[in-house]
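The primary structure of each chain is shown beneath.
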Amino acid sequence: MGRPRTNDEAVKERLVECATEILATRPRESLTVRAVAAAAEASTTAVYSLFGGKAGLIDVVRDRAVAGLFQDVSAVQTSSDPLADLYALAVAYRRWGRGHSHLYTVLFGGVQSFDPSGEVGASDPIRPLLAAIDRAVTASVLVGETTSIALSIWATLHGLVTLELAGACDAATAEAAFRSAIHATLRGWTTPAVFRSLRQAELAH
């Protein structure tokens, strides 16, 4: 009978989960091979054999976060209403962040960056947002440079989600702030004709 395999998928999963928690709740330098191995009740050798070391483990955590967020935002269906599509993407982003708070904190805490001048990968979470903005610009619903619009929406959305995850506001306040802030941000980029139409519709209610 051969030796039982100790560095299996269960150990790998524990290491990833513990690394995620450490990165989300402590200074990044707290993540050492020894610390994550101890938290996962595994050996330091497991970190090296499964991930090649600390850097490889961090890469896996980042890739999991990127893939998870991309899966949720890319599942949003497109419609004939570009503004509704953009709002739906914001809802999906917030939902993923609330459901995966540690991964969200890790993803936007320094292990992943957005380079406005860089090439967007096929599985980059920003891609569905850029595509939706392009559709809105083409339809003369929004006006402006796509990257600038994306950064504006993302900054608003990230601020809202971060405050919510930090417990800075109660559920009702967070929900109301999300609706009003996202709609206001989107409205600010609309063409003059669309802006007037939206304002008239609001005043009519």
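Now for a look at the structure at hand.

### Focus on the overall build of the chain
Then step 1. Per the secondary structure count, the chain includes ten helices and zero strands.
Then step 2. Tracing the chain from N to C terminus, the helices and strands come up as α-α-α-α-α-α-α-α-α-α.
Then step 3. The contacts of the chain with a sequence gap of at least 6 include a subset with a gap of at least 24, amounting to 66%.
Then step 4. Accessible surface, the chain as shown: approximately 11400 Å² in total, 54% of it carbon and sulfur.

### Focus on the packing of aromatic side chains
Then step 1. Per the stated rule, a full pass over the model turns up six aromatic pairs.
Then step 2. Ring geometry for Tyr 87 versus Phe 178: centroids 5.7 Å apart, planes at 55 degrees, classification tilted. Remark: Phe 178 occurs in helix α9 (residues 171-188) and Tyr 87 occurs in helix α5 (residues 82-99); sequence separation between them is 91 residues.
Then step 3. Judged by its relative accessible area of 3%, Phe 178 falls in the buried class.
Then step 4. On the basis of an interplanar angle of 90 degrees and a centroid distance of 5.7 Å, the ring pair of Tyr 93 and Tyr 104 is categorised as edge-to-face. Of this pair, Tyr 93 sits in helix α5 while Tyr 104 sits in helix α6 (residues 101-111), and the two are eleven residues apart along the sequence.
Then step 5. Classification of Tyr 93 by relative accessible area gives buried; the value is 7%.

### Focus on the packing of helix α1 (residues 9-25) against helix α3 (residues 44-51)
Then step 1. Interaxial distance between α1 and α3 falls to 11 Å at its minimum, and their mutual angle equals 100 degrees. With respect to their mutual orientation, α1 and α3 come out roughly perpendicular. On the side of α1, the interface is formed by Val 11, Lys 12, Leu 15 and Val 16, while α3 contributes Ala 46, Val 47, Leu 50 and Phe 51.

### Observations concerning the packing of α5 against helix α8 (residues 146-165)
The relative placement of two packed helices comes down to the angle between their axes together with the axis-to-axis distance.
Then step 1. One can describe the packing of α5 onto α8 by two numbers: an axis separation of 10 Å at closest approach and a directional angle of 30 degrees. Here α8 runs roughly parallel to α5, going by the angle between their axes. The handedness of the crossing between α5 and α8 comes out as right-handed. Here α5 contributes Ala 90, Tyr 93, Arg 94, Gly 97 and Arg 98 to the contact with α8, which in turn contributes Trp 154, Leu 157, His 158, Val 161, Glu 164 and Leu 165.
Then step 2. Across the contact of α5 with α8, the residue classes tally to six nonpolar, two polar and three charged.

### Considering the nonpolar core
Generally speaking, a soluble globular protein has its nonpolar side chains buried in company with each other.
Then step 1. By size, the foremost hydrophobic cluster in this structure holds 53 residues, and its most contacted members are Leu 15, Val 36, Leu 86, Ile 133, Leu 142 and Ile 182.
Then step 2. Beyond its immediate chain neighbours, meaning those up to four positions away, Val 36 contacts Leu 15, Cys 18, Ala 19, Ile 22, Leu 31, Val 47 and Leu 57.

### As for the pattern of salt bridges
Then step 1. Inspection of the entire model under this criterion finds eight salt bridges.
Then step 2. Notably, a salt bridge pairs Arg 62 with Asp 63, separated by 3.2 Å at the nearest N-O pair.
Then step 3. A salt bridge links Arg 94 to Glu 164, with the shortest nitrogen-to-oxygen separation between them at 2.9 Å. Note that Arg 94 is positioned in helix α5 and Glu 164 in helix α8, a separation of 70 residues in sequence.
Then step 4. Its relative accessible area of 6% is what places Arg 94 among the buried residues.
Then step 5. Exposure remark for Glu 164: the relative accessible area of 16% places this residue in the buried category.
Then step 6. Within the structure, one salt-bridge network assembled from shared partners comprises Arg 94, Arg 98, Glu 164, Glu 175 and Arg 179.

Reading the values: rules and limits
Residues numbered from 1 in each chain as written. Predicted model: local features only at pLDDT ≥ 70, side-chain atom pairs only at ≥ 80, totals over all residues. Heavy atoms only, no water. Helix = DSSP H or I, 4+ residues; strand = E, 2+ residues; numbered from the N terminus. Contact = heavy atoms within 4.5 Å. Areas by Shrake-Rupley, 256 points an atom, 1.4 Å probe, with all protein chains shown as cover. Phe/Tyr/Trp six-rings, centres within 6.5 Å; stacked < 30°, edge-to-face > 60°. Buried < 20%, exposed > 50% of the residue type's maximum accessible area, 1.4 Å probe, protein only. Axes fitted to C-alpha atoms, helices over the stretch in contact; angles between N-to-C directions. Parallel < 35°, antiparallel > 145°, perpendicular 65-115°, else oblique. Left-handed = near helix turned anticlockwise from the far one by under 90°. Nonpolar A, V, L, I, M, F, W, Y, C, P; charged D, E, K, R; others polar. Core = buried A, V, L, I, M, F, W, Y, C linked by side-chain atoms within 4.5 Å. Salt bridge = Lys/Arg side-chain N within 4 Å of Asp/Glu carboxyl O.

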